[in-house]
Amino acid sequence: MGTAAGIILWKTSVKAHALFGIDGNESIQKPEDVKWEDVRKDIVTLIESNSDYDDGSYGPLLVRLAWHQCGTYCQYYKDGGSDGATMRFKPECSDDANNGLDIARSLMEGIRKKHPEASYTDLWTYAGGVAIEEMGGPEISWRPGRTDSKSGDTYPPVGRLPDGARGEDHIRAVFYRLGFGDEEIVALIGGGHALGRCHNERSGFHGPWTFAPTTFSNEFFRLLLEEKWNGNPQFEDSTGELVMLPTDIALIQTPDFKKFVVKFAKDEAYFFQVFSKAWTELMELGTNIK
Ligand code: HEM
């Protein structure tokens, strides 16, 4: 194609590549130029953009995306974690633990197109915190400065995210590897699972943990203590509508965890404080922000 039209087409595609990259792999990242207040507005609009999706909010899905991006960190090998947004690439994007997060990543692609000066990893972690705040959670302190990796760069091995069908030892192995102690473990799991629901086709579990899955609260802890949970691996309450995973049940089977479940159920303000601090730490694992 040696025509003028051909040259224009070629130019357009080069421009598109330079801006958005192929496979979302390349990027213009100028963190100093990002207008985070504008990004925030776009994320809030996105969260509420589809009343037909699940419980009418993309918030819980965005929280899970941010957590799974950071939850691969290893403090012993000093790899994985928040930097990189490596879940855009194989094998991480096809890890079973990340089933369903393709939806979140493609929703965030729309935000990235509007704000190409931001890294994917800053956008994903920021969106998780905005979602928590928008759903009534604590104020989240968040700083930009993460960088994206390119396809082919080192990525963390798959298999580092927790498996809901397991128990106490597994929880400790995963969260100690991230650098968290028992109180933070209980806060993070119970805060995350106050939100959203399980989807059979994604994890083999189904249903929400609370009756208000788009509200961030200490309800998970209250229900865990007050309801009678039957079943295995899917535990259900007396109505059969609510779910707990074996890892959730382990929080009341293990005295060192249970004491924090009791504390958080009684004192929501204290729970918000512990969760918020642990979430910010989680979002900065594996970065040079500190
Ligand atoms: C032992 C640790 C954990 C295990 C085993 C676990 C496991 C799971 C599983 C199996 C699901 C259902 C996925 C689906 O079917 O769609 C899920 C959903 C979810 N998890 Fe966790 N999780 C853990 C910790 C966390 C933490 C620390 C957070 C955040 C602080 C979190 C936030 C969420 C959210 C928000 C959802 C709902 C997503 C949606 O509604 O689409 N989880 N988790």
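Here the structure is a predicted model, which is why all the values come from computation and not from measurement.

Definitions and limits used
- Residues numbered from 1 in each chain as written.
- Predicted model: local features only at pLDDT ≥ 70, side-chain atom pairs only at ≥ 80, totals over all residues.
- Heavy atoms only, no water.
- Helix = DSSP H or I, 4+ residues; strand = E, 2+ residues; numbered from the N terminus.
- Buried < 20%, exposed > 50% of the residue type's maximum accessible area, 1.4 Å probe, protein only.
- Contact = heavy atoms within 4.5 Å.
- Areas by Shrake-Rupley, 256 points an atom, 1.4 Å probe, with all protein chains shown as cover.
- Expected span 1.5 Å × (residues − 1).
- Near = heavy atom within 4 Å.
- Polar contact = N/O pair within 3.5 Å; in protein donor to acceptor, adjacent residues only side chain to side chain.
- Nonpolar A, V, L, I, M, F, W, Y, C, P; charged D, E, K, R; others polar.
- Domains from an automatic or database assignment.
- Donors = N, O, S within 2.8 Å, 3.2 Å for Na, K, Ca; no water.
- Axes fitted to C-alpha atoms, helices over the stretch in contact; angles between N-to-C directions.
- Parallel < 35°, antiparallel > 145°, perpendicular 65-115°, else oblique.

## Examining the overall build of the protein
Right, on to step 1. When helices and strands are counted, the protein shows twelve helices and four strands.
Right, on to step 2. Every one of the 290 residues in the protein was classed for burial, and the buried ones make up 52%.
Right, on to step 3. Pairs at least 24 apart in sequence give 71% of the contacts found in the protein among residues at least 6 apart.
Right, on to step 4. With an accessible surface of roughly 13500 Å², the protein has 52% of that area assigned to carbon and sulfur atoms.

## Some points on helix α2 (residues 36-47)
Right, on to step 1. Over its twelve residues, α2 extends 16 Å from the first C-alpha to the last, a length consistent with the 16 Å expected when each residue adds 1.5 Å.
Right, on to step 2. Turning to α2, the residues buried within the fold contact α3 (59-70), α4 (101-114) and α5 (120-134).

## Structural notes on the site of the ligand
Right, on to step 1. Taken together, 24 residues form the shell around the ligand, and within it W67, H193, R197, H199 and S203 come nearest.
Right, on to step 2. Interatomic distance of 3.0 Å between a backbone N/O atom of R197 and an oxygen atom of the ligand.
Right, on to step 3. Residue S203 places a side-chain N or O atom 2.6 Å away from an oxygen atom belonging to the ligand.
Right, on to step 4. Of all elements in the fold, only α3, α7 (182-192), β1 (197-198) and α8 (200-203) reach the threshold of two or more residues within the shell around the ligand.
Right, on to step 5. Broken down by class, the residue content of the shell around the ligand amounts to 13 nonpolar, seven polar and four charged.
Right, on to step 6. Residues from two domains meet in the shell around the ligand; each of domain 1 (15-160 + 278-283) and domain 2 (168-276) gives at least three.

## Comments concerning the coordination of the iron atom of the ligand
Right, on to step 1. Inspection of the coordination sphere of the iron atom of the ligand shows a single protein donor, H193 (NE2), at 2.1 Å.
Right, on to step 2. Within the element layout of this structure, H193 appears in the loop between α7 and β1.

## A closer look at the packing of α7 against helix α12 (residues 268-283)
Right, on to step 1. Viewed as axis vectors pointing N to C, α7 and α12 meet at an angle of 95°, and their least axial separation amounts to 9 Å. The pairing of α7 with α12 is recorded here as roughly perpendicular in orientation. Packed against α7, whose contacting residues are E183, E184, A187, L188, G191 and G192, the element α12 presents Y270, F271, V274, F275, A278, W279, E281 and L282 at the interface.
Right, on to step 2. Classifying every residue of the contact of α7 with α12 by side-chain character gives nine nonpolar, two polar and three charged.

## Section: unusual backbone geometry
Right, on to step 1. A cis amide bond links K90 to the next residue, P91, at an omega of 5°.
Right, on to step 2. Look at the link from N232 to P233: it is a cis peptide, with omega at 5°.
Right, on to step 3. Tracing the backbone through its elements, the reader meets P233 in the loop between α9 (219-226) and β3 (235-236).
Right, on to step 4. Phi at K78 takes a positive value of approximately 55°, unusual for a residue other than glycine.
Right, on to step 5. With respect to the secondary-structure elements, K78 resides in the loop between α3 and α4.

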